[in-house]
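Working through the structure, step by step
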Amino acid sequence: MDFEIIGEITNIEIIASGEGIRARSRLRKQYGKGRWRKLKGVALVQLLDGSIHTAEIHWYEAHGIGKREFKLKLPFLD
């Protein structure tokens, strides 16, 4: 990751789950079987240059496996 999440992720919403996730087979091969969901939320992030922004973040999550593959969506919300 080229950013660090500072604090808590808020406004969490499910974008896709089950067969709606295009990368499902890759996620199962890489991390294992689970009920995979793609989620989005808003958090405070710190970039490599030290600047802090409010941004939308997307990630994959499965029960027993946890949160994986965070992506930062641009433009920033602040």
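Computed from a prediction, not measured in an experiment: that's the story for all the values here.

A few points about the sheet that holds strand 1 (residues 3-17)
Hydrogen bonds between backbone groups are what pair the strands of a sheet, and the pairing can be parallel or antiparallel. The strand order across the open sheet formed by four strands is 1-2-3-4, and the pairing between neighbours is antiparallel. Two strands in the sheet have a free side with no partner beyond their single neighbour: strand 1 and strand 4 (66-73). The mean angle between the axes of side-by-side strands here comes to 30°, regardless of whether they run parallel or antiparallel. Across six bridges, strand 3 (residues 52-62) lies against strand 4 in antiparallel orientation. Paired with Ile-57 across the strands is Leu-72, a residue of strand 4. Running at roughly 130° to strand 4, helix 1 (residues 24-31) makes contact with strand 3 and strand 4 of the sheet.

As for the side chain of His-58
Counting through the fold element by element, His-58 comes out in strand 3. In terms of polar contacts, His-58 uses its side chain to reach the side chain of Glu-56, at 2.7 Å. Leaving out residues up to four positions away in the same chain, His-58 has contacts with Ile-15, Lys-38, Leu-39, Lys-40, Glu-69, Phe-70, Lys-71 and Lys-73.

Conventions and cut-offs
Residues numbered from 1 in each chain as written. Predicted model: local features only at pLDDT ≥ 70, side-chain atom pairs only at ≥ 80, totals over all residues. Heavy atoms only, no water. Pairing = 2+ DSSP bridges. Helix = DSSP H or I, 4+ residues; strand = E, 2+ residues; numbered from the N terminus. Axes fitted to C-alpha atoms, helices over the stretch in contact; angles between N-to-C directions. Contact = heavy atoms within 4.5 Å. Polar contact = N/O pair within 3.5 Å; in protein donor to acceptor, adjacent residues only side chain to side chain.

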